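Letter by letter, the chains look like this.
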Amino acid sequence: MSANARILCPTLKQRLMSAEKAAELIPAGANVGMSGFTGAGYPKAVPGALAERIRKLNACEGSEPFRINVWTGASTAPELDGVLAEVDGIEMRLPFQSDPICRQRINNGTMDYVDLHLSEVSQYAWSGFLGKMDIALIEVAGIREDGSLIPSSSIGNNKTWIEQADKIILEVNSQQNIKLEGMHDVYYGTALPPHRKPIMLTDPSDRIGEFYFECPPEKVIAVVESNAADRNSPFKASDETSQKIAQHILDFFEREIELGRLPKELLPIQSGVGNIPNAVLEGLDAGPFKNLTAFTEVIQDGMLKMLKSGTLSVASATAFSLSPEGIKEFDENIDLYRDKIILRQQDISNHPELARRLGIIAMNGMIECDIYGNVNSTHIMGTRMMNGIGGSGDFARNGYLSIFVSPSIAKDGAISSIVPMVSHVDHTEHDVKVIVTEQGLADLRGLSPRQRAREIIKNCAHPDFRPALHDYFERALHSGRGMHTPHLLGEALSWHQRYEEEGQM
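Since we're looking at a predicted model, the values are computed, not measured. (Residues numbered from 1 in each chain as written. Predicted model: local features only at pLDDT ≥ 70, side-chain atom pairs only at ≥ 80, totals over all residues. Heavy atoms only, no water.)

Asks: Can you break down the overall build of the protein chain residue by residue, with the values?
Replies: Scanning the protein chain for helices and strands turns up 18 helices and 26 strands. In terms of overall size, the protein chain behaves like a compact globule, its C-alpha atoms giving a radius of gyration of 23 Å where 505 residues would be expected to give roughly 23 Å. Along the three orthogonal principal directions, the C-alpha set of the protein chain runs to about 75 × 60 × 45 Å. The 505 residues of the protein chain split such that 56% are buried. Taking all contacts inside the protein chain whose residues are at least 6 apart in sequence as the whole, residues at least 24 apart take part in 74%. (Helix = DSSP H or I, 4+ residues; strand = E, 2+ residues; numbered from the N terminus. Rg over C-alpha atoms; globule rule 2.2 N^0.38 Å. Buried < 20%, exposed > 50% of the residue type's maximum accessible area, 1.4 Å probe, protein only. Contact = heavy atoms within 4.5 Å.)

If you want it as structure tokens, here you go:
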């Protein structure tokens, strides 16, 4: 079905134009809310046309730099973040990114970046903390006769952008499977304090909203046709390190069930994106678990396999993050998945109230953890942004279990992921319950700082670094400076300093 055949509203069909013409409607300095979450459902035609326009304008002698502020749901793709960053077209970026050119500009100081908890972005926009949104640029799978919109492969912040923007540009992508229609659950019951009401969702399978976005036709200034796939990044084959981490987690779940602290069908799982989370999902699928549920941000290949096998009965998320093989599997068997997948906006998929009520088991990656359980998810050596905090904080602080995972070493053994003190704190020791590396698992619940240190060093540190961590802890313990959380302030970040100077911790 062509994109034109998916535009059924006569009023909006009259606003069809090229991506180049639509790009001309975006002024310099505009706050532009774009669709997209983990490389799914982002606009694919207009950003490229806008980047080319910016390139030409900025090349004119004496011209003022043309930049815009880009707000999304989360990361997008080279066709959006990459092309705009390459022409230096982004002044401010939020709330999450994973593009290498964006990352370079953020870290060299030529792009401002606001790293936000993903559950809070809509509230920031509703409250006016971010300023006025000028334009929303939203990919959809279709436009219905009444002007309502069929969401694409992600919802993210799209509902909020449509509500908040003065003007809207729609991209209708004919490559998105039209059978996505009916898979979404767009909730219109949110409000700002003091008018909030409980969100009446008590199971991941509950539906509390609508299938479609409400969109005032008078706000739509352009409709653009596109026909392009999402960023479908392949996952690496599960390696020995990932498999060991996954096995530690699976063994932990079985012990928790035996102790009566988890039901046999576990609790709703939330999983970050990447090879280690996928290995955990593969392990769950191969294990004894049945009728599991997921209340998470993204549905990746491992969850499709679990849904197909019956290990997972339902998955609630805000977006897909599939490999090329995963998207082929999804399209070929979409009728099976339609009844088992619900896509919600991210202020619902990541909502603290729901994470606490449902008792989420949150599994997320980390850059480093210190011996007391503080976790750094975002910054390399304390100063260089990697991607962002994403939704990990939403789930870690409010879930039933917060599990952080990482290989114990990086850079061919030059870096230890277990350090005396993290160089940046995203998740404090109060929110971190379990640390896992390929070396083992440390259950930190109910432990004092000194007890946590011993567990983390013993179970999670790489053998090459374990003696040095023991030495640091023991000397700090007997320094006379304080026994609650022992540190040697002159040495606490010396490992990072040594890496910066010598390339080896």
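Further notes follow.
Asks: So, the packing of helix H8 (residues 240–258) against helix H9 (residues 275–286): which residues are in play, and what are the values?
Replies: Two elements in contact, H8 and H9, have axes separated by 8 Å at closest approach and are oriented at 50°. Classified by the angle between their axes, H8 and H9 sit oblique to one another. Crossing angle aside, the handedness with which H8 passes H9 is right-handed. Along the contact surface, H8 presents Ser242, Ile245, Ala246, Ile249, Leu250 and Phe253, while H9 presents Asn275, Ile276, Ala279, Val280, Gly283 and Leu284. (Axes fitted to C-alpha atoms, helices over the stretch in contact; angles between N-to-C directions. Parallel < 35°, antiparallel > 145°, perpendicular 65-115°, else oblique. Left-handed = near helix turned anticlockwise from the far one by under 90°.)

Asks: Quick one: what's the story with helix H16 (residues 449–460), residue by residue and with numbers?
Replies: Here H16 spans 16 Å end to end across 12 residues, near enough to the 16 Å set by a 1.5 Å rise per residue. Among the residues of H16, those classed as buried are Pro449, Arg452, Ala453, Ile456, Ile457, Asn459 and Cys460. Lining the buried residues of H16 we find strand E17 (368–370), strand E24 (418–419), strand E25 (434–437), strand E26 (440–443) and helix H17 (466–477). (Expected span 1.5 Å × (residues − 1).)

Asks: I'd like a rundown of the environment of Leu281, residues and numbers included.
Replies: With respect to the helices and strands, Leu281 occurs in helix H9. Judged by relative accessible area, Leu281 falls into the buried class, the value being 0%. The spacing of Leu281 and Met306 is 25 residues in sequence and 7.6 Å in space, taken between C-alpha atoms. Ignoring any residue separated from it by four or fewer positions in sequence, one finds Leu281 in contact with Ile269, Ser271, Gln300, Gly302, Met303 and Met306.

Asks: Summarise the sheet that holds E24; cite the residues concerned and give the values.
Replies: As summarised here, the arrangement of the three strands in space is E18-E17-E24, forming an open sheet in which the pairing is mixed. This sheet does not close on itself; its edge strands, each paired only once, are strand E18 (375–376) and E24. Bridge count for E17 against E18 is two bridges, and the pairing is antiparallel. Looking at the pairing, Cys369 lines up with Val375 of E18. (Pairing = 2+ DSSP bridges.)

Asks: Hey, could you go over the packing of aromatic side chains for me, with residue numbers and the actual values?
Replies: Within a pair of aromatic rings, the relevant descriptors are the distance that separates the centres and the angle that separates the planes. Applying the stated criterion across every chain yields a total of seven aromatic pairs. These aromatic residues form a ring-pair network of at least three members: Phe320, Phe330 and Tyr337. Above the ring of Tyr42, the side-chain terminus of Lys44 is found at 4.0 Å from the ring centroid. The side chain of Arg144 reaches across the aromatic face of Tyr212, ending 3.9 Å from its centre. (Phe/Tyr/Trp six-rings, centres within 6.5 Å; stacked < 30°, edge-to-face > 60°. Lys NZ or Arg CZ within 6 Å of the ring centre and 35° of its normal.)

Asks: Quick rundown of helix H18 (residues 494–502)? Include the residues and the values.
Replies: What H18 keeps buried is the set Trp495, His496 and Tyr499. For H18, the buried positions fall inside an angular range of 100° around the axis, keeping them on one side. For H18, the exposed residues lying more than 90 degrees away from the buried face are Glu501 and Glu502. The secondary structure elements touched by the buried residues of H18 are E17, strand E23 (415–416), E24 and H17. (Arc of directions from axis to C-beta.)

Asks: Hey, could you go over the pattern of salt bridges for me, with residue numbers and the actual values?
Replies: When the charged atoms of two side chains lie near each other, side chains of opposite charge can form a pair. Applying the stated criterion to the full structure yields 30 salt bridges. Here Arg344 ties to Asp185 by a salt bridge, and the two come within 3.0 Å at their closest N and O atoms. With Arg344 in strand E15 (residues 341–344) and Asp185 in strand E8 (residues 184–185), this pair connects stretches of sequence that are 159 residues apart. The class of Arg344 is buried, set by a relative accessible area of 0%. For Asp185, a relative accessible area of 2% translates into the label buried. One salt bridge in this structure joins Arg452 and Glu429, with 2.5 Å as the shortest N-O distance. Here the residue Arg452 occupies a position in helix H16, and Glu429 occupies one in the loop between E24 and E25, the gap between them amounting to 23 residues. Taken as a pair, Arg452 and Glu429 share a single burial class, namely buried. Each of Arg67, Asp88, Glu91 and Arg105 takes part in one network of salt bridges that share partners. (Salt bridge = Lys/Arg side-chain N within 4 Å of Asp/Glu carboxyl O.)

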